[in-house]
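Structural overview for review
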Amino acid sequence: MGKESKSRGCLGWFLAIVILALVVGAVVYTIKKKIDHKNEDKAAPVPGPPGAIDKKYADALKIAMQFFDVQKSGKLVDNKISWRGDSALKDGSEANLDLSKGMYDAGDHMKFGFPLAFTATVLSWSVLEYGDQMEAVNQLESARESLKWITDYFINAHPSENVLYIQVGDPTADHKCWERPENMKEKRPLTQVNISVPGTEVAAETAAAMASASLVFKTADSTYSSTLLKHAKQLFTFADKHRGSYSENIPEVATYYNSTGYGDELLWAASWLYHATGDQSYLQYVTGENGKAFAEWGNPTWFSWDNKVAGTQVLLSRLSFFGAKGASGNTGLENYRKSAGDVMCNLLPKSPSATTSRTDGGLIWVSEWNALQHPVASAFLAAIYSDYMLTSQTPKLTCGDDSFKPSHLRKFAKSQADYVLGSNPLKMSFLVGYGDKYPQYVHHRGASIPADATTGCTDGFKWLDSTEPNPNVAIGALVGGPFLNETFIDSRNNTMQAEPTTYNSAVIVGLLSSLVTTSSAVKSFT
């Protein structure tokens, strides 16, 4: 009887201790949740000037920047690529213009104005957001030089208010040749848009390029900056007043760079003109009827050479993040910022609205052709948006019932960059010249033909079909990238995967510039 009583007493004490432990645990859990919730609502510290350098991204940026030198046309100044030389010196001569500068589009020798203008706009945006970080790794001057090589070309390609030369070369004839650009002797016809043959998207994108570049050069060369801004205003007026799709009015351009609409370019250009001028009419343009018609508020899209909607949403969100004049209570700007947030929620892998367009290895994957353009461009936007949040002391982004910190966006941006640089199932870098393993058979004429070879239009095809790796390294080229199943066929004839583009270089330079170090975002470009 005594033993039984003692046993019951022990059991009672045991139960009391368990209950007490559960109560204490519940109290601790509740307090922790409250602390976590408070921390969630607490903004991360604002970064100061550029901090410690991340060597991986710095090394990659120095390599990526060099592809602009590989792609340069014209009389080369301070040529840094040993196997490149002067080329296309007579481009534009049939119209008494000097269109020798600019850059070749990809592995061919075409100058396509539409994607080239996108290249310049994104490169300008990269410098404006991350110029201090570029300078920390001695790449700012290279970026400016490459940008000016393109904008010099655009100035000459816009000889009068309503005329813009948008293409040099005949792509059908060009693609029947395989030769070094230095040896080209074929005719290089010109294509233009004008009042009779309008091309709103290419004129507006060129306006965006020149407006954004005017900000880049505003301090260093105010005269050049003013010239760019004058051309930007004229081109925007031309694009807006004489609306028409360039790929409908000039059907042959649709084979290579078909536009799916011009509304996004009009908003993109007006946004850049607002940043460059502070003129409220441009802000009214993007937030009024044109915004309602073209902004696709609440509909996340992919940022690319053809679609600028997501880029415009992020660019305009900075106005509300940093309290720009006219931003408070502006419903249109609120819609842009909310839509930019929707884009971010689409990208974050743990968001309830996360896109399923990914490889098993975590790469955003949208298109078989040039697959890397979309993930790199998306990561670039995510890095920018993350920095806007940090600098404005915005602690979280709400996606459905979940919330995410700026650090989550930066982690996503890094994941895409790391995949490109070799953290992928193939353990290879898609940035040519970076790492120990990268594509050796890049679809690029100049890289595939020995520098001392003399070839005509067609006899150079033996180099295209050669089984030997390229004799010259297309340093900094970002190739098309993997298939959805994360395979990659390293073949010169595989244009879908192995051809680099100049606009790919713009987005990878922007992304890497955002990651080389951390610093606070500039609150105004002027």
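This one's a predicted model, so the numbers in the text were calculated from it and none came from an experiment.

Some words on the overall build of the protein chain
A tally of helices and strands in the protein chain yields 21 helices and 5 strands. A compact globule built from 526 residues should have a C-alpha radius of gyration of about 24 Å, and the protein chain, at 26 Å, falls within 12% of that. Taking the principal axes of the C-alpha coordinates as reference, the protein chain spans close to 115 × 55 × 40 Å. Partitioning the intrachain contacts of the protein chain with sequence separation of at least 6 by distance along the chain shows that 75% fall at a separation of at least 24. Accessible area of the protein chain: about 21,600 Å², with a carbon and sulfur share of 53%.

Remarks on the nonpolar core
Soluble globular proteins tend to bury their nonpolar side chains together. In terms of nonpolar packing, the biggest core is built from 155 residues, with Trp125, Trp272 and Met344 touching the most fellow members. Here the element with the most residues in this core is helix α4 (residues 113-136); it accounts for 12 residues. Setting aside anything within four residues of it in sequence, one finds tryptophan 125 in contact with Trp268, Trp272, Phe303, Gly311, Val314, Leu315, Phe380, Leu381, Ile384, Tyr388 and Phe525.

Focus: the confidence of the model for the protein chain
This prediction gives the protein chain a mean pLDDT of 93; 93% of its residues lie at or above 70. Low confidence marks residues 33-37, where pLDDT is under 50. Its contacts with residues over four positions away, or in another chain, come to 0 contacts.

Some points on the sheet that holds strand β2 (residues 164-168)
Sheets are built from strands that pair by backbone hydrogen bonding, the pairs being arranged parallel or antiparallel. The 3 strands lie next to each other as β1-β2-β3, forming an open sheet whose pairing is antiparallel. The outermost strands of the open sheet, each flanked by one partner alone, are β1 (111-112) and β3 (190-193).

Section: the packing of helix α5 (residues 140-157) against helix α7 (residues 200-216)
With their axes 11 Å apart at the nearest point, α5 and α7 run at an angle of 135° to one another. Judged by the inter-axis angle, α5 sits oblique to α7. At the point where α5 passes α7, the crossing takes the left-handed sense. Each of Arg144, Leu147, Thr151, Phe154 and Ile155 in α5 lies in contact with α7, whose residues at this interface are Thr206, Ala209, Met210, Ala213 and Val216.

Focus on the state of the cysteines
Here the structure, examined in full by the defined rule, presents 2 disulfides. Between cysteine 177 and cysteine 457 runs a disulfide, and the two sulfur atoms are separated by 2.0 Å. For the disulfide bridge between cysteine 177 and cysteine 457, the dihedral angle about the S-S bond is near -90°, and by the sign convention the bridge is left-handed. Of this pair, cysteine 177 sits in the loop between α6 (171-174) and β3 while cysteine 457 is found in the loop between α18 (445-448) and α19 (461-464), placing the two residues 280 residues apart along the sequence. Judged by its relative accessible area of 4%, cysteine 177 is buried. The disulfide that involves cysteine 345 links it to cysteine 399, with 2.0 Å between the sulfurs. Residues cysteine 345 and cysteine 399 are joined through a disulfide that is left-handed, its torsion about the S-S bond being -85°. With cysteine 345 in helix α15 (residues 331-347) and cysteine 399 in strand β4 (residues 397-399), this pair connects stretches of sequence that are 54 residues apart.

Brief notes about the packing of helix α8 (residues 222-241) against helix α11 (residues 263-277)
Packing of α8 against α11 leaves a shortest axis separation of 11 Å and a crossing angle of 150°. Considering only the axes of α8 and α11, their crossing is left-handed. Contacts between α8 and α11 involve Leu229, Ala232, Lys233, Phe236, Ala239 and Asp240 from the first element and Leu266, Ala269, Ala270, Leu273, Ala276 and Thr277 from the second. Looking at side-chain class alone, the contact of α8 with α11 contains 9 nonpolar, 1 polar and 2 charged residues.

Some points on the pattern of salt bridges
Following the criterion strictly, the structure yields 19 salt bridges and no others. Between lysine 148 and aspartate 152 there is a salt bridge; the shortest N-O distance is 3.2 Å. You can see lysine 148 and its partner aspartate 152 sitting in helix α5, 4 residues apart, about one turn around the helix. In this structure lysine 148 comes out as partly exposed when scored by relative accessible area, which is 30%. One network of salt bridges, with partners in common, ties together Asp78, Lys80 and Glu145.

Section: the environment of lysine 414
Looking at where lysine 414 falls in the secondary structure, it is placed in helix α17 (residues 406-420). Along the primary structure lysine 414 and alanine 382 are separated by 32 residues, whereas in three dimensions their C-alpha atoms are 9.8 Å apart. When residues no more than four places from it in sequence are discounted, the contact partners of lysine 414 are Tyr57 and Leu515.

Criteria and cut-off values
- Residues numbered from 1 in each chain as written.
- Predicted model: local features only at pLDDT ≥ 70, side-chain atom pairs only at ≥ 80, totals over all residues.
- Heavy atoms only, no water.
- Helix = DSSP H or I, 4+ residues; strand = E, 2+ residues; numbered from the N terminus.
- Rg over C-alpha atoms; globule rule 2.2 N^0.38 Å.
- Contact = heavy atoms within 4.5 Å.
- Areas by Shrake-Rupley, 256 points an atom, 1.4 Å probe, with all protein chains shown as cover.
- Core = buried A, V, L, I, M, F, W, Y, C linked by side-chain atoms within 4.5 Å.
- Buried < 20%, exposed > 50% of the residue type's maximum accessible area, 1.4 Å probe, protein only.
- pLDDT = per-residue confidence, 0-100.
- Pairing = 2+ DSSP bridges.
- Axes fitted to C-alpha atoms, helices over the stretch in contact; angles between N-to-C directions.
- Parallel < 35°, antiparallel > 145°, perpendicular 65-115°, else oblique.
- Left-handed = near helix turned anticlockwise from the far one by under 90°.
- Disulfide = S-S within 2.5 Å.
- Nonpolar A, V, L, I, M, F, W, Y, C, P; charged D, E, K, R; others polar.
- Salt bridge = Lys/Arg side-chain N within 4 Å of Asp/Glu carboxyl O.

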